[in-house]
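Residues per chain, in single letters:
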Amino acid sequence: MSRLRNVVYSSVLLLIGGWLLVMGKKILIPVVAGAAVVYVFVGLTHSLRRLSFRGHMLPLRLSYVLALACIGLALTSIFYLVAANFEQILLRAPAYQQALLVGIQKLAVLVGIENEPTWTTLRQDFFAQINLQSLLGSMVISVSSLLWAIVVVMLYATFLLVEMRSFPTKVDAIMNSRGGAQRARQIGQRINGRIGAYLSLKAILSVLLGALSWAIMAHYGLEFAPFWALLIGLLNFIPYIGSVLGLLLPLAMGIAQFQDPGIIVPMMLALSLAQFVIGNFLDPYMMGNSLNLSPLAILLSLAVWSELWGVAGAFLAVPISAVIAIICSEFASTRPVAVLLSQNGQL
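Residues numbered from 1 in each chain as written. Predicted model: local features only at pLDDT ≥ 70, side-chain atom pairs only at ≥ 80, totals over all residues. Heavy atoms only, no water.

1. Some words on the overall build of the protein
For step 1, the next point in the chain: Of the regular secondary structure elements, the protein holds 13 helices and two strands.
For step 2, the next point in the chain: Within the protein, the fraction of its 347 residues that count as buried is 33%.
For step 3, the next point in the chain: Of the contacts made within the protein by residues no fewer than 6 positions apart, 67% connect residues no fewer than 24 positions apart.
For step 4, the next point in the chain: For the protein, the exposed surface amounts to about 21,000 Å²; the carbon and sulfur share of it is 70%. (Helix = DSSP H or I, 4+ residues; strand = E, 2+ residues; numbered from the N terminus. Buried < 20%, exposed > 50% of the residue type's maximum accessible area, 1.4 Å probe, protein only. Contact = heavy atoms within 4.5 Å. Areas by Shrake-Rupley, 256 points an atom, 1.4 Å probe, with all protein chains shown as cover.)

See the structure below:
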């Protein structure tokens, strides 16, 4: 009877927690994203400190300044690329729409479809009233909202960095016993170590993937190559699905611009090779099993958090799941959950 009561209580708490996550997502998403930025900042600072100059480690303050400069440069580049490229893409949308239709018609002839598709048939059969220009217009509004969201996230990250100094003291004051405070600190250190290492290394790999993708697309003459490379790097934070989306975007652009399989196919093969090498060799080599999450747990968390928080949930799904697994592993009642989430059952 007590076990049934615990199951009922847990189910009710999950429902309440899910409801709060959905209703409070406008507040929670910037806070969690700000915490992720802090993890990247701290991880980058520690990485820079390991760089020695004439046998001496970099001073802590200098490492902070360099890390802040790197993040500031990255955000400035994102602002510039989005602002400079999206307006041009929107202006050329009608021409791209027509060119994309011609490319689809050529593909239809190659595969033996008797009736060449038109925008009317494509809307009716596949895209359900799609219009590339209006779609890009709505994307501009979404990107503008995204840029404002980045500003809010950076504000939260700044205040979280300031809060880090007094947070250990607050934990000691909250806990009733010295042992409880020490245990809370250990859990926090495990979370900080794993999440910080994952996000900082993932950021480095995403930058590398974006740079390789830009070099490949620039070599083949794809328009707006820096912008597509930026999206590919950002989408690399989304497990599994991000790699596919990162290939579909330049594919659509290649069809609209070139309409030549002799250019499109080699370019896509080169982009796929870059994704494969980084995703299957460099990624496991650098990060190993830093988060100890099973692929099924990652896929399920991606589905759940995407449903709760949309695109932001897809980006934050893996770090949030890792935090949940670490916390669950510290308590006997929730330890089975951590075992199920782990890659090999070892905690």
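2. Description of helix α9 (residues 225-235)
For step 1, the next point in the chain: Judged by how many residues are buried, α9 sits mostly within the fold: eight of eleven residues are covered.
For step 2, the next point in the chain: Buried within α9 are the following residues: Ala 225, Phe 227, Trp 228, Ala 229, Leu 230, Ile 232, Gly 233 and Leu 235.

3. So, the packing of helix α2 (residues 25-49) against helix α8 (residues 178-219)
For step 1, the next point in the chain: Where α2 meets α8, the axes come as close as 8 Å, and the angle between the chain directions of the two elements is 85 degrees. The orientation of α2 relative to α8 falls into the category roughly perpendicular. In contact with Ala 36, Tyr 39, Val 40, Gly 43 and Leu 44 of α2, α8 contributes Ile 191, Asn 192, Ile 195, Gly 196, Leu 199 and Ser 200.
For step 2, the next point in the chain: Each residue belonging to the contact of α2 with α8 can be placed in one class, and the counts come to seven nonpolar, four polar and no charged. (Axes fitted to C-alpha atoms, helices over the stretch in contact; angles between N-to-C directions. Parallel < 35°, antiparallel > 145°, perpendicular 65-115°, else oblique. Nonpolar A, V, L, I, M, F, W, Y, C, P; charged D, E, K, R; others polar.)

4. Some words on α2
For step 1, the next point in the chain: Its 25 residues give α2 an end-to-end C-alpha distance of 36 Å, which sits within 8% of 36 Å, the value for a rise of 1.5 Å per residue.
For step 2, the next point in the chain: Those residues of α2 not exposed but buried are Ile 29, Pro 30, Ala 33, Gly 34, Ala 36, Val 38, Tyr 39, Phe 41, Gly 43, Thr 45 and Leu 48. (Expected span 1.5 Å × (residues − 1).)

5. Re the confidence of the model for the protein
For step 1, the next point in the chain: Chain-level pLDDT for the protein is 78 on average; 79% of the residues reach the 70-or-more range.
For step 2, the next point in the chain: By mean pLDDT, the top-scoring element of the protein is α9 (88), and the lowest-scoring one is helix α5 (residues 119-127) (48).
For step 3, the next point in the chain: Counted against residues more than four places away or in other chains, residues 122-133, with its pLDDT under 50, gives 21 contacts. (pLDDT = per-residue confidence, 0-100.)

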